[in-house]
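Secondary and tertiary structure notes
Each chain, written out:
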Amino acid sequence: VVHYTTLMSVLQRAGRWEQAMEAFEKMEAAGVVADVQAYNVAITACAKGLDWEKAWAVFAAMRRAGVEPSIISYNALVSACERCGQADRALEVVRNMRRKGLTPNAVSYNTLISAFGKAGRYQEAVRLHQLMGEAGVPDDVFTLSSLIRASEKGGRWRQAKLHFDDFQQRGVAPNTVAYNALISALGSSGRWQMALEVFQAMREDLHPSVAPDIVTYGSLIAALERGGQWHRALEVYDQMQAEGWKANGYIITSLLNACEKGGQWEKARELFGVMQNLGMDMD
RNA sequence: UGGCCUAUAGA
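Each value, and the rule that gives it
- Residues numbered from 1 in each chain as written.
- Chains lettered and ligands numbered in written order.
- Predicted model: local features only at pLDDT ≥ 70, side-chain atom pairs only at ≥ 80, totals over all residues.
- Heavy atoms only, no water.
- Helix = DSSP H or I, 4+ residues; strand = E, 2+ residues; numbered from the N terminus.
- Expected span 1.5 Å × (residues − 1).
- Buried < 20%, exposed > 50% of the residue type's maximum accessible area, 1.4 Å probe, protein only.
- Arc of directions from axis to C-beta.
- Contact = heavy atoms within 4.5 Å.
- Core = buried A, V, L, I, M, F, W, Y, C linked by side-chain atoms within 4.5 Å.
- Salt bridge = Lys/Arg side-chain N within 4 Å of Asp/Glu carboxyl O.

In this section: helix H10 (residues 157-169). Here H10 is 13 residues long and its end C-alpha atoms lie 18 Å apart, about the 18 Å a rise of 1.5 Å per residue gives. Residues of H10 that are buried: Trp157, Ala160, His163, Phe164 and Phe167. Down the axis of H10, the buried set is contained in an arc of 120°. They therefore lie on one face. Residues of H10 that are exposed and point over 90 degrees away from its buried face: Arg158, Leu162 and Gln169. Those residues of H10 that are buried are in contact with helix H8 (122-134), helix H9 (141-153), helix H11 (176-188) and helix H12 (192-204). Glycine 171 lies just past H10 and shows a positive phi near 95°.

Once that is clear, we can look at the environment of glycine 279. Turning to its location among the elements, glycine 279 is positioned in the segment after helix H16 (265-277). Residues glycine 279 and glutamine 239, spaced 40 residues apart in sequence, show a C-alpha to C-alpha distance of 23 Å.

Bringing the nonpolar core into the picture now. The biggest cluster of nonpolar side chains holds 87 residues, and the ones touching the most others in it are Phe24, Ile148, Tyr237, Ile251 and Leu255. When residues in this core are grouped by element, the largest group, eight residues, is from helix H3 (residues 36-48). Filtering out sequence-adjacent residues up to four positions away, phenylalanine 24 remains in contact with Met8, Ala34, Ala38, Tyr39 and Ala42.

To continue, consider helix H2 (residues 17-29). It helps to recall that an α-helix has 3.6 residues per turn; residues three or four apart then point in one direction. Here H2 spans 18 Å end to end across 13 residues, near enough to the 18 Å set by a 1.5 Å rise per residue. Every buried residue belonging to H2 is among Ala20, Met21, Ala23, Phe24 and Met27, and all of these are buried. Buried residues in H2, looked at end-on, bunch into an arc of 155°, giving them a common side. In H2, those exposed residues whose orientation departs by more than 90 degrees from the buried face are Lys26 and Ala29. Considering only its buried residues, H2 is in contact with helix H1 (2-13), H3 and helix H4 (52-64). Immediately downstream of H2, the backbone of glycine 31 shows phi near 85°, a positive value.

A complete count under the given rule lists 10 salt bridges for this structure. Measuring nitrogen to oxygen at the nearest pair gives 2.8 Å for the salt bridge that ties glutamate 82 to lysine 118. Placement of glutamate 82 in helix H5 (residues 71-83) and of lysine 118 in helix H7 (residues 106-118) is noted, with a sequence separation of 36 residues between them. Classification of lysine 118 as partly exposed rests on a relative accessible area of 39%. In this structure, glutamate 243 engages arginine 203 in a salt bridge whose closest nitrogen and oxygen atoms are separated by 2.7 Å. Taken as a pair, glutamate 243 in the loop between helix H14 (230-242) and helix H15 (249-262) and arginine 203 in helix H12 lie far apart in primary sequence, 40 residues in all. Accessibility expressed as a relative area gives 37% for glutamate 243, which makes it partly exposed. Among the ionic contacts, a cluster of salt bridges with common partners joins Asp88, Arg121 and Glu124.

Below is the structure:
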């Protein structure tokens, strides 16, 4: 069982969720009895495949087999709902969890907050955060990035910044993802100057867990593109390369859009060449 | 500490 579960875990993390499910079926066909962890990985694989119904089916099969779902099983099911845009169903799963005597933990709350944020239901996301505190479950950096993302949906860049500052003041140190989310939220609202400021603050942050990554640059370049700042976008691109980062599809597309808006056809042509060297499709 | 759950970028 451990070998199968390890294999499934690796496949699912590599995005090969279909193969992970095949391994699960092969395991059962081979007469190996699945344990909780094996079921949990299977549910996660379904979640990655954006198939909450299949996740639900695996969960039901687990119960039928007499295997007690753990809090992780429930959380994995909540995650499946979250990924499929089923916020209300996610909440229902957490209610079922409580009914079984399991207490929702930080992962449960964070996933719910993310689900409501993705659904554009900011107020409910904030309400869940409040309930989390009342339940004595400490919020963390996952909560923070989920709340920032929830703010971004409705163009609430001020709220995004407030969440960021609030967490920081309470001693929850932002990490790379939290900074990235904030840069993205500011960019969506057209606040490219502030996005640049946050990027600067990020570089000055002493914590080792806040090093800019490829998503940071993607978010910042997108923010500049939206603001019509093609020249600054290209500057950031140069800086990124100087630090050893290789462009990906997100970056190139944003830069192409930026150049197009600015009428920079020469630059766009260069980027086209880069894209082809990277073996990307040009659609 | 051999296997399981949550957050961030473009079109």
